Amino acid sequence: HRLVRGEKGDEFFPWFGLDIGGTLVKLVYFEPKDITAEEEEEEVENLKSIRKYLTSNVAYGSTGIRDVHLELKDLTLCGRKGNLHFIRFPTHDMPAFIQMGSEKHFSSLHTTLCATGGGAYKFEQDFRTMGDLQLQKLDELDCLIKGVLYIDSVGFNGHSECYYFENPTDSEKCEKLPFNLENPYPLLLVNIGSGVSILAVYSKDNYKRVTGTSLGGGTFFGLCCLLTGCSTFEEALEMASRGDSTKVDKLVRDIYGGDYERFGLPGWAVASSFGNMVSKEKRESVSKEDLARATLITITNNIGSIARMCALNENINRVVFVGNFLRINTISMRLLAYALNYWSKGQLKALFLEHEVNLLFNLFYSFKVQTPTVT
Amino acid sequence: MRIYLHTDEAGQERGAFKMAARGGRGGGSGHGSLDKSITLPPDEIFRNLENAKRFAIDIGGSLTKLAYYSTVQHKVARVRSFDHSGKDIEHESPYEVTVQEEITARLHFIKFENTYIETCLDFIKDHLVNTETKVIKATGGGAYKFKDLIEKKLGLKVDKEDVMTCLIKGCNFVLKNIPHEVFAYQKDSDTEFRFQTNHPNIFPYLLVNIGSGVSIVKVEMEDKFEWIGGSSIGGGTFWGLGALLTKTKKFDELLQLASKGQHTNVDMLVKDVYGGAYQTLGLSGNLIASSFGKSATADKDFSKEDMAKSLLHMISNDIGQLACLYAKLHNLDKIYFGGFFIRGHPVTMRTITYSINFFSKGEVQALFLRHEGYLGAIGAFLKGAEQDNPNQYSWGENYAGSSGLMSTSPDLCPMQRTRSGTFDMFEMDRLERPLVNLPLLKDSSTYIPDTVDLTDDAMARKYWLTCFEEALDGVAKRAAASQPDSIDAVERAEKFQQKYWNKLQTLRQQPFAYGTLTVRSLLDTREHCLNEFNFPDPYSKIKQKENGIALKCFQGVIESLDSLDWKERQLALVKGLLAGNVFDWGAKAVSDVLESETQFGFEEAKSKLQERPWLEDSYDEWLDRLKEGPPHKCALIFADNSGIDIILGVFPFVRELLSSGTEVILACNSGPALNDVTYSESLIVAEKIAAMDSVIQSALKEERLLLVQTGSSSPCLDLSRLDKGLAMLVRERKTDLVIIEGMGRAIHTNYYAALKCESLKLAVIKNSWLAERLGGKIFSVIFKYEVPRE
């Protein structure tokens, strides 16, 4: 039995990319679809079983999940054709993951495991000692930016990777429309994971981290767990989708009876997040769903607000929001789209991507593919 | 409804009077059934209501701030020359002292919990005499809610004013009028409040008001400001979310919880994600990567304290970050923070300061205001008082009538008043004349009058507080004795004593209560307290007598000076000035001598003086300057004591300056302080001397000798708050020499003051502790002649 490589023969299968964040581990796996009978026959058992395990399941253990809807089909990578799978599991299961790698003798496959995110540092030692695996650590910001630039050129199963919302507040008219990122610079990149990092990108090599905030996806999920007793991000989002935040938040109209014209503040704007919860009566009358919704709105508005200020300070008018917080989170995406447009009086545009782009780059990087230049 | 009026049993300071309100609902919900019985010390909180007008009210989420203008009737001592026409030729005294009533303007501001609003309105209604008042200006979120109640109770029409406009107006007013209004917060220092020198130009600045939400306002000029942004994550978020998470209902209790918690148990730190610091970005491992990031698990319990702390950090950091982003966008480096989230809470001031430092990398400073809670009320009041032109005058904080800044941190203040049930007061007196900087200050923006900051120097603070405590009994006795004809003088003196004693105790606990604690502020507070109990000038009779005695010796002193040659005379003049300065009733060592030795005179004082070389001795340089340089164009002299000091010390010195061709501006206090010579006394003294001495006479006549008032009633001297007329004269006459005399003006203050022209600071140290500190003994001499370096 021999190990299978790509066309250039420089990398052995399996092809993986890892992003180990504070809350979630995101994994991409390239499933070759052009395996010849000869290859199939020669494929080592280990490799075969990994491929079978990953592609025939959508859930792994109790916490691992494959996002089928994100799968990129018929992608050509280093001369090989295949599908790209997106898998995620909580960071606290990382030791179990490494253990599994060790049990399946992953190290014998001679693959390079590229990893980014804080966990690439935190778990580096564990990978080495427990799994006999050497991680190739990649800078997460680098991955993020190059991933954004790359994905747009690849496309998403024939669709545009980048999109925006037209009429974001009107559920009837709201439309997700493709956005062409042909001339991407300058752009503000807001990565919302557990926390938030904001990057200003001026060219493919010229970017800086402008700021960050600790009020991110982890805050939403963490507060939701405390306030509602929910146990998964999906559950938190689902509750939020059924709640009414205006019962929890104090709006401008709750204080002024309507718009605060002196400052041009509309009555519907939130004056104080959770402001109504100061009153005992109101605390007793809100539902868990309302609280989840208010938490989501609070965190999202705040990210929008900080992003808008950074865009103004950096003189950039396109803001790309990425990160796991926005996965299946249409409420936040539409709110970000609306808030950015409203408060900037139409000067700023919120853009979104279909994928966890940093992961993709991460994967491609492992093949030492030249960074694609976007024309 | 009944109002029970009691005097406070513990004799505590007014601001601390408790209101007994059974079932009062703290924490801001000001509706529902309130128990209306309340104990209000009579006339102690809503004072001077008889003449009150121009009411304004600011009703916030939990506190109400009431403002009004009133007049205060004061006794003042007036001096007047005897009639020359008649039979009063042979007087023992050089002039007569009469006590008159004077009316001064005062602004009253009172802060109390919304719970008491009804009771307070009733009290005001019952005591309001002034019938011209028809309108009350109202601002704050609660102005809408309580409009009907106010109109019904007071019978005044509520005239609503915009919250932010009032806030900014109030802010500008305190920034201009109150010294040490602004402070930066320093953690882990002995005194956490670092007060700032008032800058002549207060604009532009950013005001970040953290109420239930956050408003960010850019203020460019007196009436020009702009709401540039805000955030919904504010005090209401801390309170509301905190109440949900910890089941703790009150804001203050949440803060207390937070001050005891560990946020690292709840927050996900950079090191939790990276295993250490994130080197590439230079992010420390202890930074928060995700607030509440560790609570994203269903199977763990978190302590209330830890969650409250995490929440506090989250909100403070977020506000600080946004404030910095706005400051950067608008190119501003001063941010004043206010709102109930900040209001006197060391915990929030600390986290906000940290956040601003972190996000601005030290380029922006987080600043706080002592009277932040009153800004809205002050602004609303100013709106209603526009026809009185309050902005035309200078105003001064009345230390006797103001509660001072209260720390609400229990660790910081063991005798802390819980905020509930507390009445806080702030009073400002209208000053007769506008105050400005001395034009000769080298740099008015960095000038600090006081030599020692007692908030900083714990040893000195303890010494001086004890010193003032020990002297208090004598001061009270003297005050009572100064009004032998008044039946209630002793009672008032006791009240004065109690009041000042309480102030001293407050300052022991909270040295920052009235800004930077200094010997000057201790002295000024004492003067304010004496005035409060109608002891406007306890030393008037002593000054009268001493001026009489000294005037009789004047000619003899001049004759003996004139018999000396030039060089001997110069030294004798300086020694005379110094010996005169020994006569200081403010110094305990001296007042003890003066009380016991009735014959103690000019010669005895000279013998007490330290021999040359003095403790600080640049006399030779001074003499060289007189000998070799051209005469000075004009000298400005700040005089100290009445009697021997001014008459036998200062006037001969003035006479010599005049003789050598130098014009003299003699500046004396506008109002009395200890036995310091007042402007009106100086006029009479000068007149008497002129009658005996032709040099003085012609100089007065030809306006080569000018007597002016300083605008102050302090035993110390703040060169940044001087009478406008004095400043104009100094400029007009091209003053090139400033002479400052006495411990209060030249040592406690101005010892390090840098001037644009030559200066002479001289004093005798009449306090052994201070002398020792400066490396000398009691009656050591300071003679500091300075020439500005180019």
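Throughout this description, residue numbers start from 1 for each chain and increase along the sequence as written. Chains carry letters and ligands carry numbers; both start at the beginning, A for chains and 1 for ligands, and go up in the order they are written. A pLDDT threshold of at least 70 governs which residues receive local features in this predicted model, and a stricter bar of 80 or more applies before side-chain atom pairs are shown or counted, although totals over entire chains, interfaces and linings include all residues. To get the side-chain values, all heavy atoms of the structure are used, and hydrogens and water are removed first.

Draft legend 1. Quick look at the packing of helix H11 (residues 288-314) of chain A against helix H12 (residues 330-343) of chain A. Residues and elements named next belong to chain A. Structural elements are reduced to axes, namely lines fitted to C-alpha atoms, with helices fitted over the stretch in contact, and the angle between N-to-C directions of any two is expressed from 0 to 180 degrees. Here a strand is any run of E in DSSP of at least two residues, a helix any run of H or I of at least four, and the numbering for each starts at the N terminus. Interhelical geometry of H11 versus H12 gives an angle of 40 degrees and a closest axis separation of 9 Å. Our classification of the angle between H11 and H12 gives oblique. Of the two elements, H11 crosses H12, and the hand of that crossing is right-handed. Together, Arg293, Leu296, Ile297, Thr300, Asn301, Ile303, Gly304 and Arg308 of H11 and Ile331, Ser332, Leu335, Leu336, Ala339, Leu340 and Trp343 of H12 make up the contact between the two elements. Grouping the amino acids of the contact of H11 with H12 by side-chain chemistry returns 9 nonpolar, 4 polar and 2 charged. Oblique is the label for every angle not falling under 35 degrees (roughly parallel), over 145 degrees (roughly antiparallel), or within 65 to 115 degrees (roughly perpendicular). Note on convention: the crossing is left-handed when the near helix lies turned anticlockwise from the far helix by less than a right angle, right-handed when the turn is clockwise. Any two residues whose heavy atoms approach within 4.5 Å are treated as being in contact. Residue polarity is assigned by list, with Asp, Glu, Lys and Arg as charged and Ala, Val, Leu, Ile, Met, Phe, Trp, Tyr, Cys and Pro as nonpolar; anything else, Gly included, falls into the polar class.

Draft legend 2. The arrangement of the state of the cysteines in detail. The rule for a disulfide is simple: a pair of cysteine sulfur atoms within 2.5 Å. All chains considered together, the criterion is met by 0 disulfides over all chains. Cys467 of chain B takes part in no disulfide bond, and the closest cysteine sulfur, belonging to Cys716 of chain B, lies 13 Å away.

Draft legend 3. The pattern of salt bridges, seen in detail. A pair is scored as a salt bridge if a Lys or Arg side-chain nitrogen falls within 4 Å of a carboxyl oxygen belonging to Asp or Glu. Counted according to the given criterion, the structure contains 58 salt bridges over all chains. With a closest N to O distance of 3.0 Å, Glu124 of chain A and Lys137 of chain A form a salt bridge. Highlighted residues: Glu124 of chain A in helix H5 (residues 124-131) and Lys137 of chain A in strand E8 (residues 135-137), separated in sequence by 13 residues. On the basis of relative accessible area, Lys137 of chain A is assigned to the partly exposed category, the value being 32%. The shortest N-O distance in the salt bridge between Asp718 of chain B and Arg520 of chain B comes to 3.6 Å. Partly exposed describes any residue whose relative accessible area lies between the buried limit of under 20% and the exposed limit of over 50%, with all areas from a 1.4 Å probe on protein chains only and scaled to the type maximum.

Draft legend 4. Quick peek at the interface of chain B and chain A. The partner chain A presents 56 residues to the 52 residues of chain B that form the contact. Throughout, buried area stands for the accessible area (probe radius 1.4 Å) lost by two parts on being put together, summed over both. Its largest share of buried area at the contact with chain A, chain B owes to Trp227, Leu244 and Tyr274 of chain B, together 13% of the area lost on that side. Taken together, the links from chain B to chain A amount to 2 salt bridges. The salt bridge partner of Arg262 of chain A is Asp162 of chain B, with a shortest N-O separation of 3.6 Å.

Draft legend 5. Quick look at the pairing of strand E4 (residues 135-139) of chain B. Residues and elements named next belong to chain B. The element E4 is extensively covered by neighbouring structure, given that 4 of its 5 residues are classed as buried. Two strands pair when backbone bridges link them, and strand E1 (residues 53-59) and E4 are joined in this way by 4 bridges, in the parallel orientation. Looking at E4, one finds that Phe55 is bridged to Ile136. A pair of strands is considered paired only if DSSP assigns at least 2 bridges between the two. Taken together, the 4 bridges between E4 and strand E5 (residues 157-160) define a ladder with parallel strand orientation. When the bridges of E5 are listed, Lys137 appears paired with Asp159.

Draft legend 6. Broad picture of the confidence of the model for chain B. Residue and element names in this part refer to chain B. The pLDDT value tells you how sure the predictor is about a given residue, anywhere from 0 up to 100. Overall, the prediction assigns chain B a mean pLDDT of 86, with 90% of residues at 70 or greater. When the criterion is pLDDT under 50, residues 1-38 qualifies, and its contacts beyond four places in sequence or with other chains add up to 94 contacts. Counting interchain partners and residues more than four positions distant, the pLDDT-below-50 stretch residues 408-421 has 37 contacts. Reported for the predicted complex are a pTM of 0.86 and an ipTM of 0.88.

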